[in-house]
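Working through the structure, step by step
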Amino acid sequence: ASLQAALRERAYELGSRLRDRLGLVGVGQSMAAARVVYGVIGIDFEGDAQGRITIRRCYFSRYYVPEVCWLVSALDEGILAGLVGAGRLTFQERITEGAESCRACFAVAEASP
């Protein structure tokens, strides 16, 4: 498996454990939990029940080149998929590519990874 797939898989396991422990139900609760998780590591994460995500500040954006950010975003997708149950993360804008904020969408899926 690729490094990106392995990162996503491990992060999915973590997110899934958090979902179970916190008793999360639905995208809205999962996004609220993600805000707390990401806040701990210096990421200003906002996500809504429709899966729209905005990141206004990211500690790591000072250190990551766009290619590293793309690779590491597999962790983000995995954590969110685990928190929600399944889904895919798609970025429209990234701070590491010169945007003022990261903008992404998390689309809920029926099946796990």
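Provided above is the structure to which this section pertains.
What comes next concerns the included structure. Computed from a predicted structure; not experimentally measured.

1. Observations regarding the overall build of the protein
Looking only at helices and strands, the protein features 3 helices and 4 strands. Its helices and strands in sequence order give the protein the pattern α-α-β-β-α-β-β, from N to C terminus. A globule of 113 residues ought to have a C-alpha radius of gyration of about 13 Å, and the protein, at 13 Å, matches this closely. Seen through its principal axes, the protein has C-alpha atoms that stretch 35 × 30 × 25 Å. Within the protein, the proportion of its 113 residues that are buried is 38%. Put simply, of all contacts in the protein between residues at least 6 apart along the chain, 51% involve residues at least 24 apart.

2. Remarks on the packing of helix 1 (residues 3–22) against helix 3 (residues 66–84)
Direction vectors running N to C along helix 1 and helix 3 enclose 30°, while the axes themselves pass 6 Å from each other. When the axes of helix 1 and helix 3 are compared, the pair comes out roughly parallel. Once helix 1 is placed against helix 3, the crossing between them reads as right-handed. Only Trp70, Leu71, Ala74, Leu75, Glu77, Gly78, Ile79, Ala81, Gly82, Leu83 and Val84 of helix 3 make contact with helix 1, whose side of the interface consists of Leu3, Gln4, Leu7, Arg8, Ala11, Tyr12, Gly15, Ser16, Leu18 and Arg19. For the contact of helix 1 with helix 3, the residue count by class is 13 nonpolar, 5 polar and 3 charged.

3. Comments concerning the environment of Arg88
Tracing the chain through its elements places Arg88 in strand 3 (residues 87–93). Taking the C-alpha atoms as reference points, Arg88 and Leu3, separated by 85 residues in sequence, lie 17 Å from one another. Leaving out residues up to four positions away in the same chain, Arg88 has contacts with Arg8, Glu77, Cys105, Phe106 and Ala107. There is a polar contact of 3.0 Å between the side chain of Arg88 and the side chain of Glu77.

4. With respect to helix 3
The end-to-end C-alpha distance of helix 3, which contains 19 residues, comes to 26 Å, matching closely the 27 Å that a straight helix rising 1.5 Å per residue would cover. For helix 3, the principal kink sits at Val72 and spans about 30°. Those residues of helix 3 that fall on the buried side of the exposure criterion are Cys69, Ser73, Ala74, Asp76, Glu77, Gly78, Ile79, Leu80, Ala81, Gly82, Leu83 and Val84. Where the residues of helix 3 are buried, they touch helix 1, helix 2 (26–40), strand 1 (43–47), strand 2 (52–58), strand 3 and strand 4 (102–108).

5. Structural notes on the pairing of strand 4
Residues in a regular strand project their side chains so that they alternate between the two faces of the sheet. Two strands pair when backbone bridges link them, and strand 2 and strand 4 are joined in this way by 4 bridges, in the antiparallel orientation. Across the sheet, the residue bridging to Ile53 is Ala104, located in strand 4. When strand 3 meets strand 4, the two strands line up antiparallel, connected through 6 bridges. Residue pairing in the sheet places Arg88 in a bridge with Ala107 of strand 4.

Procedures and definitions
- Residues numbered from 1 in each chain as written.
- Predicted model: local features only at pLDDT ≥ 70, side-chain atom pairs only at ≥ 80, totals over all residues.
- Heavy atoms only, no water.
- Helix = DSSP H or I, 4+ residues; strand = E, 2+ residues; numbered from the N terminus.
- Rg over C-alpha atoms; globule rule 2.2 N^0.38 Å.
- Buried < 20%, exposed > 50% of the residue type's maximum accessible area, 1.4 Å probe, protein only.
- Contact = heavy atoms within 4.5 Å.
- Axes fitted to C-alpha atoms, helices over the stretch in contact; angles between N-to-C directions.
- Parallel < 35°, antiparallel > 145°, perpendicular 65-115°, else oblique.
- Left-handed = near helix turned anticlockwise from the far one by under 90°.
- Nonpolar A, V, L, I, M, F, W, Y, C, P; charged D, E, K, R; others polar.
- Polar contact = N/O pair within 3.5 Å; in protein donor to acceptor, adjacent residues only side chain to side chain.
- Expected span 1.5 Å × (residues − 1).
- Bend = angle between axes of the 7 residues up to and from the residue.
- Pairing = 2+ DSSP bridges.

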